[in-house]
Amino acid sequence: MERISLRAPAKVNLRLDILGKRPDGYHEIRTWIYPISLADELYIEKIKTARITISSASPGLPLGEENLAHRAAALFIKARDLSGGIKIEIIKHIPLAAGLGGGSSDAAAVLKAMNILWGKKIPSEGLMELGARIGADCPFFVVGQGALMGGKGERVLTVLPPLKAWLALINPGLPLATKDVYQQGKWGLTKQGGDTRISMPPQELEKMGKFLHNDLEGPALELMPIIGTIKERLRAAGASSVLMTGSGPTVFGLFSKEAEARQAAKDLKMEQGWVSFVANTFPDE
Ligand code: ATP
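Each chain carries its own residue numbering, running from 1 in the written order of its sequence. With the structure being a predicted model, the display of local features is reserved for residues of pLDDT at least 70 and the display and counting of side-chain atom pairs for 80 or more, all residues being used for whole-chain, interface and lining totals. The basis for every side-chain value is the complete set of heavy atoms in the structure, and neither hydrogens nor water enter the calculation.

## Here's the deal with the overall build of the protein chain
Part 1 of the argument: Put simply, DSSP marks the helices as runs of H or I at least four residues long and the strands as runs of E at least two long, and each gets a number from the N terminus on. Within the protein chain, the regular secondary structure consists of nine helices and eleven strands.
Part 2 of the argument: Once the C-alpha set of the protein chain is aligned to its principal axes, its extents read approximately 55 × 45 × 35 Å.
Part 3 of the argument: Looking at the protein chain as a whole, 51% of its 285 residues qualify as buried.
Part 4 of the argument: By definition in these notes, contact holds between two residues if any of their heavy atoms fall within 4.5 Å. In the protein chain, of all internal contacts separated by at least 6 residues, the share reaching a separation of at least 24 is 75%.
Part 5 of the argument: The accessible surface values rely on the Shrake-Rupley method and a 1.4 Å probe; as for residues, cover is taken only from the protein chains in view. Accessible surface computed for the protein chain: about 13,400 Å², of which carbon and sulfur atoms make up 52%.
Part 6 of the argument: This count recognises Lys and Arg as positive and Asp and Glu as negative, with His and chain-terminal groups excluded. All charge positions are set by atom: Lys at NZ, Arg at CZ, Asp at CG, Glu at CD. Between the averaged position of the 35 positive side-chain charges in the protein chain and that of its 30 negative side-chain charges there is a distance of 2 Å. Burial classification: accessible surface area is computed with a 1.4 Å probe over protein chains only, and a residue below 20% of its type maximum counts as buried, one above 50% as exposed, and the rest as partly exposed.

## Let's talk about the sheet that holds strand E11 (residues 275-280)
Part 1 of the argument: In this scheme, strands are said to pair when DSSP sees at least two bridges between them. Here four strands make up an open sheet; going across it, the order is E9-E10-E7-E11 and the pairing antiparallel. At either end of the open sheet lies a strand with only one pairing partner, and these are strand E9 (242-244) and E11. Geometrically, the sheet is characterised by an average inter-axis angle of 25 degrees between neighbouring strands, direction not taken into account.
Part 2 of the argument: Where E9 meets strand E10 (residues 251-255), three bridges bridge the pair, whose relative direction is antiparallel. Here, axes are lines fitted to C-alpha atoms. For helices the fit covers the stretch in contact, and angles between N-to-C directions go from 0 to 180 degrees.

## Looking at the packing of helix H1 (residues 68-80) against helix H2 (residues 102-117)
Part 1 of the argument: Where H1 meets H2, the closest approach of the two axes is 8 Å, and the angle between their N-to-C directions is 30 degrees. Our pair here, H1 against H2, has a crossing hand that is right-handed. Contact residues: H1 offers Leu-68, Ala-69, Ala-72, Ala-73, Phe-76 and Ile-77, while H2 offers Gly-103, Ser-104, Asp-106, Ala-107, Val-110, Leu-111, Met-114 and Asn-115.
Part 2 of the argument: Gly counts as polar in this scheme, as do all residues outside two lists: the nonpolar Ala, Val, Leu, Ile, Met, Phe, Trp, Tyr, Cys and Pro, and the charged Asp, Glu, Lys and Arg. Residue composition of the contact of H1 with H2, grouped by class: ten nonpolar, three polar and one charged. For any helix crossing, the convention is left-handed if the near helix is rotated counterclockwise from the far helix by under a right angle, and right-handed if that rotation is clockwise.

## Quick notes on the environment of Pro-249
Part 1 of the argument: The topology assignment puts Pro-249 in the loop between E9 and E10.
Part 2 of the argument: Distance from Pro-249 to Leu-100, taken between C-alpha atoms, is 9.1 Å for residues 149 residues apart in sequence.
Part 3 of the argument: Pro-249 has contacts with Ala-97, Ala-98, Ile-170, Asn-171, Pro-172, Leu-174, Leu-176, Met-224, Ile-227 and Met-244, leaving out every residue within four places of it along the chain.

## As for the site of the ligand
Part 1 of the argument: The nearness test applies per residue and asks whether one of its heavy atoms lies within 4 Å of the molecule or strand. By nearness alone, 20 residues border the ligand, and Lys-92, Gly-101, Gly-103, Asp-137 and Thr-178 come closest of all.
Part 2 of the argument: In this structure, a nitrogen atom belonging to the ligand sits 2.8 Å away from a side-chain N or O atom of Lys-92.
Part 3 of the argument: Under this definition, polar contacts are N or O atom pairs within 3.5 Å; protein pairs additionally need one hydrogen-donor-capable and one acceptor-capable atom, and for neighbouring residues in sequence, both atoms have to be side-chain atoms. Contact between the ligand and Gly-103: an oxygen atom at 2.7 Å from a main-chain N or O atom of the residue.
Part 4 of the argument: At four residues, the largest contribution of residues to the shell around the ligand is made by H2.

## Things to note about the side chain of Ser-56
Part 1 of the argument: Residue placement: Ser-56 occurs in the loop between strand E3 (52-55) and H1.
Part 2 of the argument: A polar side-chain atom of Ser-56 sits 3.1 Å from the main-chain amide nitrogen of Ser-58.
Part 3 of the argument: Of the polar contacts made by the side chain of Ser-56, one reaches the backbone oxygen of Ile-90; its length is 2.9 Å.
Part 4 of the argument: Setting aside chain neighbours within four positions, we find Ser-56 in contact with Leu-61, Leu-63, Ile-90 and Lys-92.

## Describing the domain arrangement of the protein chain
Part 1 of the argument: Segmentation into domains, and thus their bounds, comes from an automatic or database assignment. Taken as a whole, the protein chain is organised into domain 1 (3-159) and domain 2 (166-280).
Part 2 of the argument: The straight-line distance from the C-alpha centre of domain 1 to that of domain 2 is 22 Å.
Part 3 of the argument: The term salt bridge refers to a pairing of a side-chain nitrogen on Lys or Arg with a carboxyl oxygen on Asp or Glu at a separation within 4 Å. Where domain 1 packs against domain 2, one counts zero salt bridges.
Part 4 of the argument: The interface formed by domain 1 and domain 2 includes 13 residue pairs in polar contact (both at pLDDT 80 or more).
Part 5 of the argument: Elements represented by at least two residues in the side of domain 1 that touches domain 2 include exactly strand E1 (3-21), strand E2 (27-47) and strand E6 (155-159).
Part 6 of the argument: Broken down by element, the residue count for the side of domain 1 that touches domain 2 peaks at eleven residues, all from E1.
Part 7 of the argument: Class assignment of the residues belonging to the side of domain 1 that touches domain 2 gives a composition of 19 nonpolar, seven polar and seven charged.

Following this line, the structure appears as structure tokens:
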């Protein structure tokens, strides 16, 4: 096989707890994440020359070594000591710097695709290790299903049961850098032992309101108060519960039925620059 196409899904964090700052400067987190049906499309081709090329029509997307898909390809080539190269086309549907994990997901898709193209020689733990060197969310996308993640977000603590939910997502059309949100939050050093509770999200959406929580929402709101307005609008449009995903600024509202999510996205009073998406948490069904 010489070519492969893959979907690289976005994610939502149903819950994200900061347990504290670690001596190495990173934050110790616990986060319950699900992949969603909103996805980028990647077309990946094996080439004989030792080059990595990325093409995309998406404005603002870096196409050189800063692209996480490029980093993934370079790491894979080094890990397998390959002589050839790779051509990657990315059709972006996931907004950039949105808390939806688009870059990490593209990188994970490249690792998976290259592993298939070069004969599946790296087991999934090996791909996750490579992924962790690219970004904290990358190992989650290698797993590709709902998971509770620990460490900086790169450690799979447990795989979660499938979840049936529809989402209306609103992005204000402005990027928010993960680093800035962490810097805005003031978290002390991790307590010895930390909180290592593992709980499962409820399967009933009516009970989800109590479970949803994101420690990054407060600092993100300070940097971008419009997040609060989006939350109010989604609530008013009928979402059973509403939360910012990851480091924001995208906000999602939960719905049990597709028609409800679509209606809410339609009824919602949008402001200039805002972008809406309807997606679900069971993309592989
Ligand atoms: P996370 O929630 O994992 O922090 P995010 O969704 O907030 O991620 P991304 O869209 O993954 O943020 O990317 C953040 C930055 O990374 C972008 O501003 C962009 O410059 C850079 N980047 C590098 N490669 C990619 C890629 N393939 N897709 C999107 N962004 C990329």
